[in-house]
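# Examination of the molecular architecture
Here are the chains, one letter per residue:
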Amino acid sequence: MKSFRDINIVFPDGVRKGNLSFDESGFLSFEAGPEAITLPEGVYLAPGFIDEHIHGANGYDAMDGDPSSILKIASALVQEGVTSFLPTTMTESVPAIKKALVAIKDAKNIQKEGATIEGIHLEGPFISPVFKGAQAEENILLPDVPLLQEFVALSGNLVREVTFACERPGGKEFLKACLALGITPSLGHSNASGKEALAAFDEGLHSVTHLFNAQSRFHHRDVGIVGATLLRDGVKAEIIADFHHSSEEAVALLFKTKRKEDIVLISDSTEAKYMGEGAKAKLGSQEIHVQNGLALLDDGTIAGSILRLDDALRNVQKVAKGYSYSDLINLATLNPAMNLGLDDHIGSIAVGKEASFVLLDSSFHVLATFVKGKLVYRLQ
């Protein structure tokens, strides 16, 4: 058993001084053992970050079809405080997606270190060609329940979230299938009207993929997905808070409009993350390059990001008026955990939950990261 004494613990409803004991089985109690560690006053112990939408990092991509790539992504992410993530696939060919799903499953089965693979996020191929973004149009498919079921089986039931276009033929049946399978359906890369989006929310759809990006825009005669999401409480909105994908003003509008519990920070990062300016990489089968802090296709289309979640927290701190330190932490911890139905074991500090946590300063700089009770990263 290990423990901390008289430290700043970040709970969902505020920061409180306290003690905390843990081991590899989880958080044990709010008591301190005889060899408890005391941390400097300006250090905070918070739940580990959860990235529900990430394609890659450090030169490796979730579509590589190689378990070692997934494990290397997992090992790299702990430096930004991520302790759980969903490797996210692309709209590629069905054989390529199947190969990626099997590789992620195999990686999870052998994983011994790094951020925990909590499941898989399928971003497509069931999307709209109107808002394909950096997805390859030739691989876009209509919502297909039997194919989804095949994907789920191949993954070993690891599919946790699916981004799809609800307005496409078969969308309603697909939504019902996702809910029946315990998968979080997320509206994205979609041309749904505002009314179609609101109808889907009424039918159980409760997540929107990277709000503002690759979806129908707000118009005063049709509010589109953007307006419908801002209107509807209980629908969680992913946001890539790098102030490139969406302007600082757009992100400020989100924070002024949505409830605190309905915003989820994501990275949507590519393998170019950590590689630096000018780096050449790939997103799925497409070539990308890093320019001015962005991951771009050769034609200039934004293709994912190089965003770190700790940087995202520092960014939104500038625009999230009225948010406390714990409110901000929830954006990368409890909120995604609830969106994915994982809050029974991760997302907050509670006895019995997984002892995956991060030590931070007041500006969200990562000092140390623990995964399942083990120290996996320390700032040098």
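All of the points below concern the structure found in this document. Just so it is clear, the structure is predicted and the values come from calculations on it, not from any experiment.

Bringing the nonpolar core into the picture now. Proteins that are soluble and globular tend to have nonpolar side chains buried together. With 94 residues, the main nonpolar core has Phe 49, Phe 85, Val 162, Phe 255, Leu 265, Ile 329 and Leu 360 as its most contacted residues. In terms of residue count, the dominant contributor to this core is helix α2 (residues 94-110) (5 residues). Core analysis: the second largest hydrophobic core is formed by 16 residues, Ile 9, Phe 11, Phe 357 and Phe 370 among them.

Pairing of strand β2 (residues 14-23) with strand β3 (residues 26-29) involves 3 bridges; the strand directions are antiparallel. By the bridge assignment for β3, Phe 22 is matched with Phe 27.

What follows concerns the sheet that holds strand β18 (residues 294-297). As a general point, the strands of a sheet are linked pairwise by backbone hydrogen bonds and lie either parallel or antiparallel. Strand order across the open sheet formed by 3 strands is β16-β17-β18, with antiparallel pairing between neighbours. Only two strands of the sheet have a single partner each, and these edge strands are β16 (280-283) and β18. Looking at each pair of strands side by side, their axes are set apart by 45° on average, direction ignored. Of the pairings in the sheet, the one linking β16 to strand β17 (residues 286-291) comprises 4 bridges and is antiparallel in character. Bridge pairing links Ala 281 to Ile 288 in β17.

Attention now moves to the sheet that holds β3. Strand order in the open sheet formed by 7 strands is β3-β2-β1-β4-β19-β20-β21, and the pairing between neighbours is mixed. The open sheet has two free edges, formed respectively by β3 and β21 (374-378), since each of these has just one partner strand. Within the sheet, the average angular offset between the axes of one strand and its neighbour, ignoring direction, is 45°. Relative to β21, strand β20 (residues 366-371) is paired through 4 bridges, and the arrangement is antiparallel. If you follow Phe 370 over to β21, its bridge partner there is Leu 375.

Under the criterion given, the structure shown has 15 salt bridges. In this structure, Lys 17 and Glu 41 form a salt bridge, with 2.8 Å as the shortest nitrogen-oxygen distance. In this pair, Lys 17 sits in strand β2 while Glu 41 sits in the loop between β3 and β4 (44-47), placing the two residues 24 residues apart along the sequence. The exposure class assigned to Lys 17 is partly exposed, which follows from its relative accessible area of 43%. The residue Arg 259 makes a salt bridge to Asp 262 at a minimum N-O spacing of 3.0 Å. Residue classification places Arg 259 among the partly exposed residues on the basis of a relative accessible area of 34%. Judged by its relative accessible area of 0%, Asp 262 is buried.

So, about the side chain of Lys 258. Secondary-structure assignment places Lys 258 in the loop between α7 (248-257) and β15 (263-266). Buried charge without a salt bridge: Lys 258, with Asp 262 as the nearest opposite-charge side chain at an N-O distance of 4.2 Å.

Among the 8 residues that make up strand β8 (residues 82-89), 8 are buried, leaving the element largely enclosed by the rest of the structure. Sheet topology places strand β5 (residues 49-54) next to β8; 4 bridges connect them, and they run parallel. In the sheet register, Phe 49 faces β8, and the bridge partner there is Val 82. With 2 bridges connecting them, β8 and strand β9 (residues 116-117) associate as parallel partners. Opposite Ser 84, over in β9, you have Thr 116 as the bridge partner.

A separate point is the environment of Glu 161. The residue Glu 161 is located in strand β11 (residues 159-164) in this model. Expressed as a C-alpha distance, the spacing of Glu 161 and Thr 184, which sit 23 residues apart in the sequence, is 4.5 Å. Excluding anything up to four places from it in sequence, Glu 161 contacts Glu 52, Leu 86, Ile 120, His 121, Leu 122, Ile 183, Thr 184, Ser 186, Ser 207, Glu 238, Asn 339 and Leu 340.

Let us look at unusual backbone geometry. For the bond running from Gly 124 to Pro 125, omega is 10°, close enough to zero to count as cis. Along the chain, Pro 125 falls in the loop between β10 (120-123) and α3 (145-154). Despite not being glycine, Asn 157 has its phi angle at roughly 60°, a positive value. Summarising the element assignment, Asn 157 is placed in the loop between α3 and β11. We note that Tyr 274 has phi near 80°; this positive angle belongs to a residue other than glycine.

Here the focus is empty space enclosed by the protein. For the coordinates displayed, the defined rule picks out 1 cavity of 30 Å³ or more. The space that makes up the largest cavity amounts to roughly 50 Å³. Phe 27, Pro 47, Gly 48, Ile 50, Thr 83, Ser 84, Ile 346, Gly 347, Ser 348, Glu 354 and Ser 356 together form the lining of the largest cavity. Of the residues assigned to the lining of the largest cavity, the class counts are 4 nonpolar, 6 polar and 1 charged.

Quick notes on the rules
Residues numbered from 1 in each chain as written. Predicted model: local features only at pLDDT ≥ 70, side-chain atom pairs only at ≥ 80, totals over all residues. Heavy atoms only, no water. Core = buried A, V, L, I, M, F, W, Y, C linked by side-chain atoms within 4.5 Å. Buried < 20%, exposed > 50% of the residue type's maximum accessible area, 1.4 Å probe, protein only. Helix = DSSP H or I, 4+ residues; strand = E, 2+ residues; numbered from the N terminus. Pairing = 2+ DSSP bridges. Axes fitted to C-alpha atoms, helices over the stretch in contact; angles between N-to-C directions. Salt bridge = Lys/Arg side-chain N within 4 Å of Asp/Glu carboxyl O. Lys, Arg positive; Asp, Glu negative; His and termini not counted. Contact = heavy atoms within 4.5 Å. 1 Å grid on protein atoms, 1.4 Å probe; cavity = no way out; pocket = protein on both sides within 12 Å on 5 of 7 lines; lining within 4 Å. Points joined across faces, edges and corners; volume = space filled by probe spheres on them. Nonpolar A, V, L, I, M, F, W, Y, C, P; charged D, E, K, R; others polar.

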